[in-house]
Amino acid sequence: MTFFVDVTVRGYELDTQGHLNQAVYLQYAEHARWELLREAGLAQEKLLAEGIGPVQLEVTVKYLRELRGGDRVRVSCELFHGEGKTFEIRQRILKEDSTVAAEISGVGGILDLTARRLVTDPAGRFAALATKPELLGIRTG
């Protein structure tokens, strides 16, 4: 299931050429990931109370089209779980005409904040805590 969040490019996010600063693409991606977790019932406060937190272990950005001030974009986020301590994250930043401005892929995990180690079964941990685990790419039942 693909989750989306809409964002408008703000003037203070632009570089000297008038393009969206490269680091802001990562901020948009991070915003979408946190909104996905919140929508799935995993607000930051809940995760902290459980002693865990999501971590980004690897990220790759492909910049495909420029974004300028005032552009409205849709940021997608999908999680893909396999075996092991990590999961794949795929994201796209789409312009209003559906042109892909950037593709962001990465590897994530869930950090045990006390042990400072990755949780062994992130899909299982998310499923146990989320109110809508299907948003996180987790099939239950």
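As shown above, the structure is provided for reference.
On a predicted model such as this, the values are computed, not experimentally measured, just so you know.

Asks: Explanation requested: the nonpolar core in the structure shown.
Replies: Across soluble globular proteins, nonpolar side chains show a tendency to be buried alongside one another. By size, the foremost hydrophobic cluster in this structure holds 36 residues, and its most contacted members are Tyr28, Ile93, Phe126 and Leu136. At the level of elements, strand E1 (3-8), helix H1 (22-39), strand E3 (72-81), strand E4 (86-95), strand E5 (100-112) and helix H3 (122-129) are the ones that each hand at least two residues to this core. Non-local contacts of tyrosine 28, meaning those with residues more than four positions away in its chain, are made with Val7, Thr8, Val9, Arg10, Glu13, Leu20, Val73, Val75 and Ile93.

Asks: I would appreciate a short explanation of the side chain of glutamine 91 in the present structure.
Replies: Mapped onto the secondary structure, glutamine 91 falls in strand E4. Since its relative accessible area comes to 3%, glutamine 91 is described here as buried. For glutamine 91, the side chain forms a polar contact with the main-chain oxygen of alanine 29, separated by 3.0 Å. In this structure the side chain of glutamine 91 is engaged in a polar contact, spanning 3.3 Å, whose partner is the backbone oxygen of serine 76. With residues near it in sequence (within four places) discarded, glutamine 91 still touches Ala29, Ala32, Arg33, Val75, Ser76, Cys77, Ala102, Glu103 and Ile104.

Asks: Is there a simple way to explain the environment of alanine 29 in this structure?
Replies: Mapping alanine 29 onto the fold places it in helix H1. A relative accessible area of 1% places alanine 29 in the buried class. Alanine 29 sits 19 residues away from leucine 48 along the chain, and the two C-alpha atoms are 21 Å apart. Alanine 29 has contacts with Val75, Gln91 and Ile104, leaving out every residue within four places of it along the chain.

About the criteria used
Residues numbered from 1 in each chain as written. Predicted model: local features only at pLDDT ≥ 70, side-chain atom pairs only at ≥ 80, totals over all residues. Heavy atoms only, no water. Core = buried A, V, L, I, M, F, W, Y, C linked by side-chain atoms within 4.5 Å. Buried < 20%, exposed > 50% of the residue type's maximum accessible area, 1.4 Å probe, protein only. Helix = DSSP H or I, 4+ residues; strand = E, 2+ residues; numbered from the N terminus. Contact = heavy atoms within 4.5 Å. Polar contact = N/O pair within 3.5 Å; in protein donor to acceptor, adjacent residues only side chain to side chain.

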